[in-house]
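# Observations on chain architecture
As a plain string of letters, each chain reads:
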Amino acid sequence: DNMFTANQNIALRAHKRRVVAFVESTIAEEALEMGVMVMVMEVSCRAPGCVPLETVITIVFPRGQSGELIPGLPESGSGGNYKTKILMPLASVTKDDVLDALPPQFEGGRRTMESLCLRARDVMLSQINQIMGEEDVEGKRLMAEYLETCLEDYKERNFVAPEIGEPFPPLPSDGATKSKE
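Read on for an overview of the structure. (Residues numbered from 1 in each chain as written. Predicted model: local features only at pLDDT ≥ 70, side-chain atom pairs only at ≥ 80, totals over all residues. Heavy atoms only, no water.)

### Quick look at the side chain of K140
This is how the line gets drawn: In this description a helix means any DSSP run of H or I spanning at least four residues, a strand means any run of E spanning at least two, and both kinds are numbered starting from the N terminus. For each residue, the accessible area found with a 1.4 Å probe, counting protein chains only, is set against the maximum for its type, and the residue is called buried under 20%, exposed over 50%, and partly exposed in between. When charges are counted, Lys and Arg contribute as positive and Asp and Glu as negative, whereas His and the chain ends are disregarded. Any carboxyl oxygen of Asp or Glu that lies within 4 Å of a side-chain nitrogen of Lys or Arg is treated as forming a salt bridge with it. The contact rule is simple, with two residues in contact once any of their heavy atoms fall within 4.5 Å.
Looking at where K140 falls in the secondary structure, it is placed in helix α5 (residues 137-156). For the buried residue K140, which engages in no salt bridge, the nearest side chain bearing the opposite charge is E134, 4.3 Å off. Apart from the residues lying within four places of it in its own chain, the contact partners of K140 are I128, N129, M132, G133 and E134.

### Focus on the pattern of salt bridges
Enumeration over the complete set of coordinates arrives at eight salt bridges. A salt bridge links R110 to D100; the shortest N-O distance between them is 2.7 Å. You can see R110 sitting in the loop between α3 (95-101) and α4 (113-132) and its partner D100 sitting in helix α3, a full ten residues away along the chain. Salt-bridge contacts for D122 lead to R121; the nearest nitrogen and oxygen are separated by 2.7 Å. By relative accessible area, which is 40% here, D122 ends up partly exposed. Members of the salt-bridge network, linked through shared partners, are D96, D100 and R110.

By themselves, these figures tell us nothing about what the structure is for.
Here it is as structure tokens:
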């Protein structure tokens, strides 16, 4: 139920154009001339731990070309698309944020598995410090052990998360899962 004023719509459209221009600056001119389209949207998330507004970028590649328009990016083949998100409102997105969200196949892109892991780690650790406080070393130790167990459960369940706020359901005991010895 977001009813924007005319001025808010004008501002949002200006931010979209700015972010689209940042993304297009990482794509070869020949690819853009072949019809590569960049779409940017601001979406809300109400799940716990989500940022309230995030920026979603979709790069749509035209049908009919042979091969990848962006070398090394399989999604840039005929009719494919590449999606990424930036965990902040559109108005706050900088060119550096765009480069951090795009893989190195895009000119200047810096998104790697290492950068994603470091970001997830930093978010998790800052959440622990925020929740437990700087001085509660024992509370942080207990939380770290609990989260370590949760990550093991997540892996054992083929990376399917439980419902938010709920424990992981028990694994089936049909012998199909390996026991810890």
